[in-house]
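# Coordinates in review
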Amino acid sequence: MNDTKATSYLIFDRISHSYDRINRLLSFGIDIYWRFKLLKYVPKKKTPLKLVDLATGTGDQLFSLLKYRKNIMHAIGLDLSTNMLSVAKKKAKKRDLSHRTVFEDGDAQNIPLNPNCADLVTMSFGIRNVPDTVKCIQEMHRILETGGKSLILEFSLPTNKLIKSLYLFYLRKILPPIGNLLSKDSSAYTYLNQTIETFPYGEDFLELMRQAGFKKVEAKPLTFGIATLYIGEK
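Every residue gets a number counted from 1 within its own chain, in the order that chain's sequence is written. Totals for whole chains, interfaces and linings use every residue, but because this is a predicted model, local features are given only for residues with pLDDT of at least 70 and side-chain atom pairs only at 80 or more, for both listing and counting. To obtain the side-chain values, all non-hydrogen atoms of the structure were included, while hydrogens and water were left out.

Another point: the overall build of the protein. A run of DSSP states H or I qualifies as a helix once it reaches four residues; a run of E qualifies as a strand once it reaches two. Both are numbered from the N-terminal end. Scanning the protein from N- to C-terminus turns up ten helices and seven strands. With respect to the principal axes defined by its C-alpha atoms, the protein has extents near 50 × 40 × 30 Å. The classification of residues rests on relative accessible area computed with a 1.4 Å probe and restricted to protein chains. Under 20% of the type maximum is buried, over 50% is exposed, and intermediate values are partly exposed. A buried classification covers 55% of the 234 residues belonging to the protein. What makes two residues a contact is simply this: any of their non-hydrogen atoms within 4.5 Å. Restricting the contact set of the protein to residue pairs at least 6 apart, pairs at least 24 apart contribute 73%. Total accessible area on the protein stands at roughly 11,100 Å², and carbon and sulfur atoms take up 57% of it. What sets the accessible areas is the Shrake-Rupley method with a 1.4 Å probe; for residues, cover comes only from the shown protein chains.

Have a look at this one:
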């Protein structure tokens, strides 16, 4: 699995043309709600915030934050998929946000930024695709200034047995063939489904954040635990 994760950005390169549309369809649009939930936890400083969005993809999380949190004056979006970044740049131009955004090639395990340079670091539905989860969280901690906050949104598994069984059926039997068909990629959504089932979540993920040096960590399950928002302060 880690070998596949190391080159997962190539999968996103292949499906970048349809990624946003398929996401809306397969999540029934609820991914928009999940991204919106991050807004509540953005620091309420009056001074302009510096945002770094890792595994930014087509920029959905970054654009949502810029739209609804006016104290974020500048945002950097990093990703290894050049095709996804190309889509993000086009969206920034269309939204007249090019002057507030920078999209660059960047590895979340080795962030090309100086220590203590960000007030807020976000990562939505990307950390499970990183080969070294611990190294990624450590890098988030490194680039945050003291008092800064990390907001990580990721898929998880429900604790309710019935909901979990229904969700796993959807993940295993319905999502992969539909996603692969619509994206015209024979394996992309099979891989993405598998990463959800094997990734640590809940208390296990919070422990990784503690080990990386984060304090005041907490997990906020969303939609019966299908996704979870993890919050940590430096």
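Past the structure itself, the notes keep going.
By size, the foremost hydrophobic cluster in this structure holds 46 residues, and its most contacted members are Trp34, Ile72, Leu151, Tyr189 and Leu229. Ignoring anything within four residues of it in the chain, the contact list for leucine 151 reads Leu38, Tyr41, Val42, Leu120, Val121, Thr122, Met123, Leu229, Tyr230 and Ile231. Take the buried residues of types Ala, Val, Leu, Ile, Met, Phe, Trp, Tyr and Cys, join any two whose side-chain atoms come within 4.5 Å, and each joined set is a nonpolar core. Counting 27 residues, the second-largest nonpolar core is a separate cluster that includes Leu78, Val121, Leu144 and Met209.

In this scheme Phe, Tyr and Trp rings, the latter by its six-membered ring, pair at centre separations within 6.5 Å, and the angle between planes marks the pair as stacked below 30 degrees, edge-to-face above 60, and tilted otherwise. In the structure shown here, the tally under the stated rule is nine aromatic pairs. Taken together, a centroid distance of 6.2 Å and an interplanar angle of 35° make the contact between phenylalanine 28 and tyrosine 170 tilted. Placement of the pair is phenylalanine 28 in the loop between α3 (19-26) and α4 (30-37) and tyrosine 170 in helix α8 (residues 161-183), with a sequence separation of 142 residues. The exposure class of tyrosine 170 is buried, given its relative accessible area of 18%. Ring centres of phenylalanine 125 and phenylalanine 155 lie 4.6 Å apart, and the angle between their planes is 40°; this geometry places the pair in the tilted category. Here phenylalanine 125 is found in the loop between β4 (118-124) and α7 (133-143), whereas its partner phenylalanine 155 is found in strand β5 (residues 144-155), with 30 residues between them in sequence. For phenylalanine 125, a relative accessible area of 8% corresponds to the buried category. Charge over a ring is defined by NZ of Lys or CZ of Arg lying within 6 Å of the ring centre and within 35 degrees of the ring normal. Directly above the ring of phenylalanine 63 sits arginine 95, whose terminal nitrogen or CZ lies 5.0 Å from the centroid.

Just geometry here; none of it tells us what the structure is for.
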